[in-house]
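# Structural overview for review
Next come the chains, spelled out residue by residue.
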Amino acid sequence: MKNKTNLIQLSFENTTAHLFKKHIFDGKILLIKDSKEILNIIKLTEQYFNYLFNTRITNSDKLKINYNKENSIFFQIIQNRIKFCKLIRKCFTNFLLQIELDFQSTFMDYITFRYSPASGMKNIGTLIPTPAHRDTWASNIFNQINFWFPTHNVSNRNSIFFVPKYFQKSVSNNSDEWSFYRYKKTKEFLSTPVSNIKFPQNQIVSFNVKKGEVLCFSGHHIHGSLVGDSDRLNLETRIVCDNDEKTYKIPVNLDAMGTVRKNKWFRNLKTGKSYI
Ligand SMILES: [Fe+2]
């Protein structure tokens, strides 16, 4: 099923790796529904969150986590728990297998956790709401595929936005100044290069996403965080696959000015070795 805003809804029954990648590299945004593996990841995340904050993450309206030193430390702890949780990584690997991606040729980044507080609240944590960007401005790998899923139902005013028209148009950005090293070393430095272009409102699209659903899209898509009336929690990661650069017509570099491919961010699902 396809709607007028570029979104294609997929279920495991009608998905193959080839179809999935073809759509992704064509610039389609995919919504994969009904994933038990994703629900398992959310359950584990909820257990970590509940233990530290003594509150449930499924009801984000009532979260209202205050910015303070103790909560900042809790966010650092939960980020690391999720990043290094073997069970979460295993569940996500199973999800990738369900869309027929294979172990041997797939390389995955860490799974990370992003907290987007309601509009007007102070940001907290290492991954905060991000303005418009392409992930490829940071990674310089153009066959990168992104996965984004909330831990609770989110409306199209509180999820992420895309500007599909710019999939094939150059966008000014600060990728010539950005470095991963500076992001890691400098507080408040953003996790990715960004654009300060004001995109026309009628060219921006966003979607309702239910708990258990996953948005999948090319790392070359212009996208960013929406900040709504209530808090939002989501998980995200990205993958690259061997041979996709040869097999598919992948996006070409229009405007990334970095020179270093971040191959080391991605580790093989079977061997753990870095992407080359
Ligand atoms: Fe991103």
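Conventions used here
- Residues numbered from 1 in each chain as written.
- Predicted model: local features only at pLDDT ≥ 70, side-chain atom pairs only at ≥ 80, totals over all residues.
- Heavy atoms only, no water.
- Helix = DSSP H or I, 4+ residues; strand = E, 2+ residues; numbered from the N terminus.
- Rg over C-alpha atoms; globule rule 2.2 N^0.38 Å.
- Buried < 20%, exposed > 50% of the residue type's maximum accessible area, 1.4 Å probe, protein only.
- Contact = heavy atoms within 4.5 Å.
- Lys, Arg positive; Asp, Glu negative; His and termini not counted.
- Charge placed at Lys NZ, Arg CZ, Asp CG, Glu CD.
- Salt bridge = Lys/Arg side-chain N within 4 Å of Asp/Glu carboxyl O.
- Axes fitted to C-alpha atoms, helices over the stretch in contact; angles between N-to-C directions.
- Parallel < 35°, antiparallel > 145°, perpendicular 65-115°, else oblique.
- Left-handed = near helix turned anticlockwise from the far one by under 90°.
- Nonpolar A, V, L, I, M, F, W, Y, C, P; charged D, E, K, R; others polar.
- Donors = N, O, S within 2.8 Å, 3.2 Å for Na, K, Ca; no water.
- Expected span 1.5 Å × (residues − 1).
- Pairing = 2+ DSSP bridges.

What follows covers the overall build of the chain. When helices and strands are tallied, the chain shows seven helices and eleven strands. Relative to the compact-globule value of 19 Å for 276 residues, the chain shows a C-alpha radius of gyration of 18 Å, a close match. In terms of overall dimensions, the chain has C-alpha extents of about 50 × 40 × 40 Å along its principal axes. Out of the 276 residues belonging to the chain, those deemed buried represent 57%. Sequence separation of at least 24 residues holds for 81% of the intrachain contacts in the chain that already meet a minimum separation of 6. Across the chain, 40 positive and 22 negative side-chain charges occur, with their mean positions spaced 2 Å apart.

Let us look at the pattern of salt bridges. In this structure the tally under the stated criterion is eight salt bridges. The partner of Lys21 in a salt bridge is Asp244, with the nearest N and O atoms 3.1 Å apart. Residue Lys21 is located in helix α1 (residues 17–25), and its partner Asp244 is located in helix α7 (residues 244–247); the two are separated by 223 residues in the primary sequence. Each member of the pair, Lys21 as well as Asp244, carries the same accessibility label: buried. For Glu236, the salt bridge goes to Arg114, with nearest N and O atoms at 2.6 Å. One end of the pair, Glu236, is in strand β10 (residues 232–241); the other, Arg114, is in strand β4 (residues 112–116), with 122 residues separating them in the sequence. The two residues Glu236 and Arg114 agree in class, both being buried.

Turning to the packing of helix α2 (residues 36–53) against helix α4 (residues 86–98), a few remarks are in order. Taken N-terminus to C-terminus, the directions of α2 and α4 make an angle of 165°; their axes are 8 Å apart at the nearest point. Relative to α4, the element α2 lies roughly antiparallel. As α2 runs across α4, the sense of the crossing is left-handed. Contacts between α2 and α4 involve Glu37, Ile38, Asn40, Ile41, Leu44, Thr45 and Tyr48 from the first element and Leu87, Ile88, Cys91, Phe92, Asn94, Phe95 and Gln98 from the second. Looking at the contact of α2 with α4, its residues break down into nine nonpolar, four polar and one charged.

What follows concerns the side chain of Ser225. Looking at the element boundaries, Ser225 is found in strand β9 (residues 223–225). Those residues within four positions of Ser225 in sequence are excluded, and the remaining contacts are Arg114, Pro129, Thr130, Ser159, Ile160, Phe161 and Arg232.

With that out of the way, let us pick up the coordination of the iron ion. All of the protein donors around the iron ion are His133 (NE2), Asp135 (OD) and His223 (NE2); their distances to the metal are 2.2 Å. Counting the intervening residues between successive donors of the iron ion yields the motif H-x1-D-x87-H. Taken together, the residues span a long stretch of sequence, with His133 in the loop between β4 and α5 (136–139) and His223 in strand β9 at a distance of 90 residues.

Spanning 18 residues, α2 covers 25 Å between terminal C-alpha atoms, matching the ideal 26 Å at 1.5 Å per step. Along α2, the residues that are buried comprise Glu37, Ile38, Ile41, Ile42, Leu44, Thr45, Glu46, Tyr48, Phe49, Leu52 and Phe53. Its buried side turned inward, α2 meets α3 (69–83), α4, β4, β5 (145–150), β8 (214–218) and β10. Asn54, located one to two residues past α2, shows a positive phi value of around 55°.

The three strands lie next to each other as β7-β6-β9, forming an open sheet whose pairing is antiparallel. Edge positions in the sheet fall to β7 (205–206) and β9, since each of these pairs with one other strand and no more. Of the strand pairs in this sheet, strand β6 (residues 160–162) and β7 are connected by two bridges, and their pairing is antiparallel. Across the sheet, residue Phe161 finds its bridge partner in β7, namely Ser206.

As a further point, take the packing of α2 against α3. With their axes 10 Å apart at the nearest point, α2 and α3 run at an angle of 155° to one another. Here α3 runs roughly antiparallel to α2, going by the angle between their axes. Classified by chirality, the crossing of α3 by α2 is right-handed. Each of Thr45, Tyr48, Phe49, Tyr51, Leu52 and Phe53 in α2 lies in contact with α3, whose residues at this interface are Asn71, Phe74, Phe75, Ile77, Ile78, Arg81 and Ile82. Tallied by class, the residues present in the contact of α2 with α3 amount to ten nonpolar, two polar and one charged.

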